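# Remarks on the overall topology
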Amino acid sequence: DIKGTGSSVTLTGGTFSANDDIDLKFFSNWSTTEKAEAVDNISVSASSSLTATQGIFDSSNPPIPATILMPQIDFDSVATSSYKSLADQTYTTGQFKSLLSDYPITTLDGITYVTGAVFIKKGHALTINGALVADGSISIGSGYSSSQSAATLTVVKIGDEPSGLLSKKNVSIGGFSSDVDIDGLVYAGGDFVVTDGIWQNVEANIEGVVVAQNINILMSWDPTTMLLNEQNLIDTLGNPLFSQILFINHWEEEY
């Protein structure tokens, strides 16, 4: 599902695509220069708007979109091509927490892999020249911090190397003041969530592609902007596995 509640999202060059529903409500205003499509239903409340230059399509507005398989990223298998094997540096949750506590303004190069969850809080300013990958959830701006400065995350694309935020579970932005700029792929095996900062600004700008089991933009009055960059997807996704595999349990032949 893709859901918007009290949110503003602008997408340039790409499609809002859901294998189930798109649901916008409570003064949500979303727009794209391409299509908006849902295999099941698109619902837009009277207070909300959805603008798609190339059309809006669902089960009631054919052509009905085809289901898109969600690619599966190799996070931590023993294969040399897994992100854990390719990592330039690996941390546990505790080690990564200590790193940001000791060095709140930090730059990491290449692929950074965290075995567990990642928490980037107010007062942290993290630059990733490459990809931040975690087999737990990645949270930016969640949890209280006495710092007055926003939780800041900047992901920079370097050449044709992988870049972005990749989580086996959830990726969340907001809750408290957050400033996030990502040049790369955002991948969440669970939910991708942007939520308001409880009277604090939450800004999210993404150049690349967002792939998630569910996408929720909730009460986010600051616009979320997205720009399609397919090369960022290609460089980071590589040759993915796919989630839907047909298993044949019984086979008979008759002659």
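Coordinates for the structure precede this section.
Let us look at the structure shown here.

How each quantity is defined
- Every chain begins its residue count from 1, and numbering advances along the sequence as written.
- pLDDT decides what is reported in this predicted model: residues at 70 or higher carry local features, side-chain atom pairs at 80 or more are listed and counted, and totals for whole chains, interfaces and linings draw on all residues regardless.
- Here the side-chain values reflect all heavy atoms present in the structure, with hydrogen atoms and water set aside.
- Pairing of aromatic side chains requires ring centres within 6.5 Å, counting the rings of Phe and Tyr and the six-membered ring of Trp. Pairs whose planes differ by under 30 degrees are stacked, by over 60 edge-to-face, and all others tilted.
- The cut-offs for exposure are 20% and 50% of the maximum accessible area for each residue type, with area from a 1.4 Å probe on protein chains only; residues under the lower value are buried, those over the upper are exposed, and the others partly exposed.
- Only one rule defines a salt bridge in this text: a Lys or Arg side-chain nitrogen within 4 Å of an Asp or Glu carboxyl oxygen.
- To qualify as a helix, a DSSP run of H or I must reach at least 4 residues; to qualify as a strand, a run of E must reach at least 2; elements of each kind are numbered from the N terminus.
- Within this scheme, the nonpolar core is defined by two criteria: the residues are buried Ala, Val, Leu, Ile, Met, Phe, Trp, Tyr or Cys, and they are joined through side-chain atoms within 4.5 Å.
- In what follows, a contact means two residues having at least one pair of non-hydrogen atoms within 4.5 Å.
- Polar contact is defined as a pair of N or O atoms within 3.5 Å, subject to the rule that within protein one atom must be able to donate a hydrogen and the other to accept it, and that residues adjacent in sequence are counted only when both atoms are side-chain atoms.
- Put plainly, a pocket is an open set of points on a 1 Å grid over the protein atoms alone with protein on both sides within 12 Å along at least five of seven lines, a cavity is a set where a 1.4 Å probe fits but cannot get out, and a lining residue has an atom within 4 Å of a point.
- Grid points are joined across faces, edges and corners, and a volume is the space filled by probe spheres set on the points.
- Think of it as three bins: nonpolar holds Ala, Val, Leu, Ile, Met, Phe, Trp, Tyr, Cys and Pro, charged holds Asp, Glu, Lys and Arg, and polar takes everything else, Gly as well.

### Points about the packing of aromatic side chains
Counting across every chain of the model gives four aromatic pairs. Taking the centre distance of 5.5 Å and the plane angle of 70° together, the rings of Phe26 and Phe27 count as edge-to-face. A relative accessible area of 42% places Phe26 in the partly exposed class. The class of Phe27 is partly exposed, set by a relative accessible area of 48%.

### Quick word on the pattern of salt bridges
Counted by the stated rule, this structure contains three salt bridges. For the salt bridge of Lys168 with Asp76, the shortest nitrogen-to-oxygen distance reads 3.1 Å. In this pair, Lys168 is assigned in the loop between strand E17 (164–167) and strand E18 (171–174) and Asp76 in the loop between strand E10 (71–72) and helix H1 (83–86), connecting sequence segments 92 residues apart. With relative accessibility at 33%, the residue Asp76 sits in the partly exposed group. A salt bridge links Asp235 to Lys157; its shortest N-O distance comes to 2.8 Å.

### Considering the nonpolar core
Formed by 47 residues in total, the largest nonpolar core has its most connected members in Phe96, Leu126, Leu132, Ile140, Leu153, Leu165 and Phe192. Element by element, the count of residues in this core is highest for strand E20 (residues 202–218), at seven residues. By size, the runner-up hydrophobic cluster in this structure holds 15 residues, among which are Ile73, Tyr113, Val133 and Leu185.

### Observations regarding helix H3 (residues 230–237)
Within H3, the full set of buried residues consists of Asn232, Asp235, Thr236 and Leu237. Packed against the buried residues of H3 are E10, H1, E17, strand E19 (178–195) and E20. Among the residues of H3, the N-terminal cap falls to Asn229, whose side-chain oxygen and the backbone nitrogen of Gln231 are separated by 3.1 Å.

### Quick look at the layout of surface pockets
Here the largest pocket is characterised by a volume of approximately 930 Å³. As for the largest pocket, its lining consists of 33 residues, of which Thr15, Ser17, Val209, Val210 and Val211 are closest to the centre. Looking at the lining of the largest pocket, the elements that each hand over two or more residues are strand E3 (16–18), E10, E20, strand E21 (224–228) and H3. Examining the composition of the lining of the largest pocket, we find that eight residues originate from one element, E20, more than from any other. Grouping the constituent residues of the lining of the largest pocket by class yields 21 nonpolar, nine polar and three charged.

### What about unusual backbone geometry?
Look at the link from Pro62 to Pro63: it is a cis peptide, with omega at 5°. Among the structural elements, Pro63 can be located in the loop between strand E9 (56–57) and E10. The backbone of Phe26 sits at a positive phi, close to 55°, despite the residue not being glycine. The topology assignment puts Phe26 in the loop between strand E4 (22–25) and strand E5 (29–32). The phi angle at Phe27 is positive, at roughly 60°, despite the residue not being glycine.

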